[in-house]
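One letter stands for each residue in the lines below.
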Amino acid sequence: VNNPTMGSVNGPVTGKYPYGTEMLFVAVPANHYHFEGWTGDFEAPETLIGFEMTQDYDILASFAITTHQLTVGIVDGDEELGTVNSNVSGTYAYGTSIDVMAMPNDGFSFTRWSDGQTAATRTITMGENDIDIKADFDTIYYNVNVVVNNDTMGEILGAQNAYVWHDVVTFT
C-alpha cells in the first residue's frame, strides 16, 4: 500500500507461498480516497485481483485522495451586476477550504449564493461532490420624493417613485 491512511489490502499476508497457490487481493480505499491501481509485477486498474503463484511478486496498491470540482460564477453570467473571485474555480481535494467572494458593482447589491447562503464572503469546504455556486445580485432602487409647495401654482411632470443607479431624472 502506498499510504496506509489512504486504504488497505485484504488478502494473504506478505510471505512465502508454494508454487501454484491461488492468490486473491482486494484493495479497499479509506473514506475520501479512491483506488488508482495495482503496480509492480502485476498491474491492473480493478480493486480485485487474483493470480497463481508462479514467481516472486512485488505488488503495490496505490490510493489517492478524492478530488472534486468547484465552479464559482454569477447568476445569468451578467458581470455588469457584480463580480466573483472566479479564479478560485478548480479541482480541490476532499476537505480543502476555499474562500469565495461576491462583489456588487455600483448600483447593485449582493443578495445570495445559488445554494441559499447570504454572506457575500464565505468559506467553502470541499466534500463528496462537485460544487457549482453562483452569486445573485439585485438592482438598488433609489426613491425620489418631489413635492410642490402649492399645487394650485403648478405640478411636477415626469416624477416616478424609484430610479436606478445612473438614471437621469428630468422634472418639468
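Below is a short write-up of the structure. (Residues numbered from 1 in each chain as written. Predicted model: local features only at pLDDT ≥ 70, side-chain atom pairs only at ≥ 80, totals over all residues. Heavy atoms only, no water.)

## Describing the sheet that holds strand E11 (residues 121–125)
Here's step 1: Across the sheet, 3 strands lie side by side as E7-E9-E11; this open sheet has antiparallel pairing. Two strands bound the open sheet, and with one partner strand each, they are strand E7 (82–84) and E11. Across the sheet, the mean angle from the axis of one strand to that of its neighbour is 20°, orientation sign disregarded.
Here's step 2: Relative to E11, strand E9 (residues 97–104) is paired through 5 bridges, and the arrangement is antiparallel. (Pairing = 2+ DSSP bridges. Helix = DSSP H or I, 4+ residues; strand = E, 2+ residues; numbered from the N terminus. Axes fitted to C-alpha atoms, helices over the stretch in contact; angles between N-to-C directions.)

## Let's talk about the environment of Asn129
Here's step 1: For Asn129, the location among the structural elements is in the loop between E11 and strand E12 (131–139).
Here's step 2: On a C-alpha basis, the gap between Asn129 and Thr54 in space is 43 Å, while along the polypeptide they are 75 residues apart.

## Details of the packing of aromatic side chains
Here's step 1: For the structure on display, the rule yields 7 aromatic pairs.
Here's step 2: Where Phe51 meets Tyr57, the ring centres are 4.5 Å apart and the plane angle is 50°; that geometry is what we call tilted.
Here's step 3: For Tyr57, a relative accessible area of 23% corresponds to the partly exposed category.
Here's step 4: What links up through ring pairs into an aromatic cluster is the set Phe25, Phe42, Phe51 and Tyr57. (Phe/Tyr/Trp six-rings, centres within 6.5 Å; stacked < 30°, edge-to-face > 60°. Buried < 20%, exposed > 50% of the residue type's maximum accessible area, 1.4 Å probe, protein only.)

## A few points about the nonpolar core
Here's step 1: Core analysis: the largest hydrophobic core is formed by 18 residues, its most contacted members being Leu70, Val72, Val100 and Trp113.
Here's step 2: Those elements that place two or more of their residues in this core are strand E6 (67–74), E9, strand E10 (108–113) and E12.
Here's step 3: Each residue touching Val100, except ones within four places of it in the same chain, is listed here: Leu70, Val72, Asn85, Val88, Trp113, Ala120, Thr121, Arg122, Ile124 and Ile133.
Here's step 4: Within the second largest apolar cluster, 12 residues are counted, among which are Met6, Ala27, Ile49 and Phe51. (Core = buried A, V, L, I, M, F, W, Y, C linked by side-chain atoms within 4.5 Å. Contact = heavy atoms within 4.5 Å.)

## What to know about the pattern of salt bridges
Here's step 1: A full pass over the atoms with the stated rule returns 3 salt bridges.
Here's step 2: Its salt-bridge partner being Asp136, residue Arg112 comes within 3.7 Å of it at the nearest N-O pair. In this pair, Arg112 is assigned in strand E10 and Asp136 in strand E12, connecting sequence segments 24 residues apart.
Here's step 3: With relative accessibility at 39%, the residue Arg112 sits in the partly exposed group. (Salt bridge = Lys/Arg side-chain N within 4 Å of Asp/Glu carboxyl O.)

## Examining the side chain of Arg122
Here's step 1: Along the chain, Arg122 turns up in strand E11.
Here's step 2: Note on Arg122: relative accessible area 16%, which makes it buried.
Here's step 3: Within the structure, the side chain of Arg122 is placed 2.8 Å from the side chain of Asp115, a separation counted as a polar contact.
Here's step 4: Non-local contacts of Arg122, meaning those with residues more than four positions away in its chain, are made with Ile98, Asp99, Val100, Trp113, Asp115, Gln117 and Ile133. (Polar contact = N/O pair within 3.5 Å; in protein donor to acceptor, adjacent residues only side chain to side chain.)

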